[in-house]
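Residue-level structure breakdown
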2 protein chains.
Amino acid sequence: MGENIGAAARVMLNFGLTDLRVIAPRDGWPNPKAVDMAKNAKEVLDNAHIFDSLKEAMHDIHHLYATTARPRDMEKPVKTARETINKIYQSTGKSAIMFGPERTGLTNEELTLASAITIIPVAPEYTSLNLAQSVAIMCYEFFATEHQTLELPEHFSYDAASKKEIGLMLEHLTDTLDRQHFFKVPEKREKMLQNIFNIFTRIDLNEQEVRTLRGIFKSLHNNT
Amino acid sequence: MGENIGAAARVMLNFGLTDLRVIAPRDGWPNPKAVDMAKNAKEVLDNAHIFDSLKEAMHDIHHLYATTARPRDMEKPVKTARETINKIYQSTGKSAIMFGPERTGLTNEELTLASAITIIPVAPEYTSLNLAQSVAIMCYEFFATEHQTLELPEHFSYDAASKKEIGLMLEHLTDTLDRQHFFKVPEKREKMLQNIFNIFTRIDLNEQEVRTLRGIFKSLHNNT
């Protein structure tokens, strides 16, 4: 289906992948429906290589992973999506991930040519993944493995307050509350403080918020 | 777009999620295009809750994660998809992941109501992810976090040969080669054995394959 090829091309480019190989496309090539779905990833389609058979398509591939909805009775290593990507990063040579038509999947003959079988873990109640969604997940895993830390522009970063800053703020608060004679029953002071501290340590305050709160405490204190 | 809602419903069910909330759907509800795309996940659409506003939709939600293509200048913690899912597993109370319309994304007003911002890491060259693909990736992360080990039926499992079995096989091979007078130059025996061993240790043999190879060695040996 052209729509699936186009959607696959789009999500490949989202995750920095560009080498698309299409084997015996049902509706010929180029396919206008694929172009529609690819949006700004048309270049991936323009540069796609079209082959008549899997054997031709994999002529320069060292490691071929065959995605299937469920494992078949075949003597092949079976790996999850994440294990597959880890294996690809560890191996030398060219790796390829192979997807079958959405309705029928890959044939046993095609699986025989694969180095290993890749399974995207799905809920047993409904295992039929859309083809482009399967491609999305494999491309995402490929990219995410190398990009688990977000590189944010300086001014976007959320500066979580340090434990020390929070500690100083809580001391400040305690001092303020004491001066305000907030704790009427001395035996309950400890427990009440604990409850108050729990509020402020749970909410992941950032530095600016700590400054704001200290400003509030200070203003309370000045008014007494 | 109905197509995106339907595709999202389908992939939710693929990963065992069923609580879909739709806020002010552009083309009314129910939407036949959504039903088409949902395939066998129609039940997710049938049970979806429709709301007029985000505030109503999140009435019972404790932690709301807002997915955005890139971080905005807003004092919110920013997390990757995987960090978000880990946080959801760690937290008590109900969590929700919020997606905006594909073209415009979430408004700043909507982001203000979120506990944190979730970013799916994408390649800088083309950051525009299809809405249903974003949903797919978040649902996949949710499911994969708990299902990294494949539970395969017994007869599907790939019984990788143990180091011991491989070791015995290599002893068998060495013995066979020695008896065959394979090593013409004694000084080279060590190095040649090493190269041969490397071949067999690199290819992830399973138990059956080890038995097959030992059968071959035995037959060679019997013919001498």
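These figures come from a predicted structure and were not determined experimentally. (Residues numbered from 1 in each chain as written. Chains lettered and ligands numbered in written order. Predicted model: local features only at pLDDT ≥ 70, side-chain atom pairs only at ≥ 80, totals over all residues. Heavy atoms only, no water.)

1. Some details on the sheet that holds strand 4 (residues 78-80) of chain A
Residues and elements named next belong to chain A. With respect to topology, four strands assemble into an open sheet ordered 4-6-3-5, the strand pairing being parallel. Looking at the sheet topology across the chains shown, the edges are occupied by strand 4 and strand 5 (95-98). Strand-to-strand twist in this sheet, taken as the mean axis angle between neighbours without regard to direction, amounts to 30 degrees. Both strand 4 and strand 6 (residues 116-119) contribute to a ladder of three bridges, which runs parallel. Note that in strand 6 the partner of Val78 across the bridge is Ile117. Along the sheet face, helix 5 (residues 81-90) touches strand 3 (63-67), strand 4, strand 5 and strand 6 and points at about 100 degrees away from the line of strand 4. (Pairing = 2+ DSSP bridges. Helix = DSSP H or I, 4+ residues; strand = E, 2+ residues; numbered from the N terminus. Axes fitted to C-alpha atoms, helices over the stretch in contact; angles between N-to-C directions. Contact = heavy atoms within 4.5 Å.)

2. Quick word on the sheet that holds strand 3 (residues 63-67) of chain B
Residues and elements named next belong to chain B. Spatial strand order, 4-6-3-5: four strands in an open sheet with parallel pairing. Because the sheet does not close on itself, it has two edges, and the strands there are strand 4 (78-80) and strand 5 (95-98). Across this sheet, the average inter-strand angle for adjacent strands is 30 degrees, counted without regard to direction. Sheet analysis places strand 3 next to strand 6 (residues 116-119), joined by three bridges and oriented parallel. For Tyr65, the partnering residue across the bridge sits in strand 6 and is Ala116. Each of strand 3, strand 4, strand 5 and strand 6 touches helix 5 (residues 81-90); the most contacted strand, strand 4, lies at about 100 degrees to it.

3. What about the environment of Ser53 of chain A?
Residues and elements named next belong to chain A. Relative to the assigned elements, Ser53 resides in the loop between strand 2 (49-51) and helix 4 (54-57). Residue classification places Ser53 among the partly exposed positions, given a relative accessible area of 24%. For the pair Ser53 and Val22, spaced 31 residues apart in the sequence, the C-alpha separation amounts to 9.3 Å. One polar contact links Ser53 to Glu56, side chain to side chain, over a distance of 2.9 Å. (Buried < 20%, exposed > 50% of the residue type's maximum accessible area, 1.4 Å probe, protein only. Polar contact = N/O pair within 3.5 Å; in protein donor to acceptor, adjacent residues only side chain to side chain.)

4. As for the interface of chain B and chain A
Taken together, the contacts link 52 residues of chain B with 52 residues of chain A. Here chain B meets chain A over a buried area of about 4,500 Å², counting both sides, of which 57% is carbon and sulfur. For the chain B face of the interface with chain A, the top three residues by lost area are Arg82, Tyr126 and Tyr140 of chain B, together amounting to 16%. At the junction of chain B and chain A, the tally comes to four salt bridges. For Arg82 of chain A, the salt bridge is made with Glu141 of chain B, and the minimal N-O distance between the two is 3.2 Å. (Buried area = accessible area lost by both parts, 1.4 Å probe. Salt bridge = Lys/Arg side-chain N within 4 Å of Asp/Glu carboxyl O.)

5. A closer look at the confidence of the model for chain A
Chain-level pLDDT for chain A is 86 on average; 90% of the residues reach the 70-or-more range. Across the assembled chains, the prediction reports ipTM 0.74 with pTM 0.75. (pLDDT = per-residue confidence, 0-100.)

6. As for the packing of helix 1 (residues 2-14) of chain B against helix 7 (residues 131-146) of chain B
Between two packed helices, the angle of one axis relative to the other and the distance separating the axes together describe the packing. Residue and element names in this part refer to chain B. Contact geometry for helix 1 and helix 7: axes closest at 8 Å, N-to-C directions at 15 degrees. Comparing the axis directions of helix 1 and helix 7 gives the class roughly parallel. For the pair helix 1 and helix 7, the sense of crossing is right-handed. Residues Asn4, Ala7, Ala8, Val11 and Met12 of helix 1 pack against Leu131, Ala132, Val135, Ala136 and Cys139 of helix 7. (Parallel < 35°, antiparallel > 145°, perpendicular 65-115°, else oblique. Left-handed = near helix turned anticlockwise from the far one by under 90°.)

7. A word on unusual backbone geometry
All names here are of chain A. Note the cis peptide between Trp29 and Pro30, where omega equals 0 degrees. Its place among the elements puts Pro30 in the loop between strand 1 (21-23) and helix 2 (32-38). Of note, Lys39 is a non-glycine position whose phi angle comes to about 50 degrees, a positive value. In this fold, Lys39 is placed in the loop between helix 2 and helix 3 (42-46).

8. Some remarks on the nonpolar core
By size, the foremost hydrophobic cluster in this structure holds 68 residues, and its most contacted members are Phe15 and Leu20 of chain A together with Phe15 and Leu20 of chain B. Beyond its immediate sequence surroundings of up to four residues, Phe15 of chain A is in contact with Ala136, Cys139, Tyr140 and Phe143 of chain A together with Ile120, Pro121, Val122, Ala123, Leu129 and Ile137 of chain B. (Core = buried A, V, L, I, M, F, W, Y, C linked by side-chain atoms within 4.5 Å.)

9. Digging into the relation of the copies chain B and chain A
Least-squares fitting of chain B to chain A yields an RMSD of 0.1 Å, with the transformation described by 0.0 Å of translation along the axis and a rotation of 180 degrees. On the angle and the small slide along the axis, the relation comes out as a two-fold axis. Take the interface residues of chain B: 100% of them recur as interface residues in chain A, which is what a same-surface contact looks like. (Least-squares fit on C-alpha atoms with pLDDT ≥ 70 in both.)

10. Notes on the environment of Thr18 of chain A
Residue and element names in this part refer to chain A. In this structure, Thr18 sits in the loop between helix 1 (2-14) and strand 1. Thr18 sits in the partly exposed class, given a relative accessible area of 44%. For the pair Thr18 and Glu171, spaced 153 residues apart in the sequence, the C-alpha separation amounts to 56 Å. Look past the residues within four positions of Thr18 in its chain and what remains in contact with it is Met12, Leu13 and Val44.

11. Thoughts on the packing of aromatic side chains
Residues and elements named next belong to chain B. Considering all chains together, one arrives at eight aromatic pairs over all chains under this definition. Note on Phe15 and Tyr140: the rings are 5.9 Å apart at their centroids and 70 degrees apart in plane angle, and the pair reads as edge-to-face. Here the residue Phe15 occupies a position in the loop between helix 1 and strand 1 (21-23), and Tyr140 occupies one in helix 7, the gap between them amounting to 125 residues. Here Phe15 and Tyr140 have matching classes, each one buried. (Phe/Tyr/Trp six-rings, centres within 6.5 Å; stacked < 30°, edge-to-face > 60°.)

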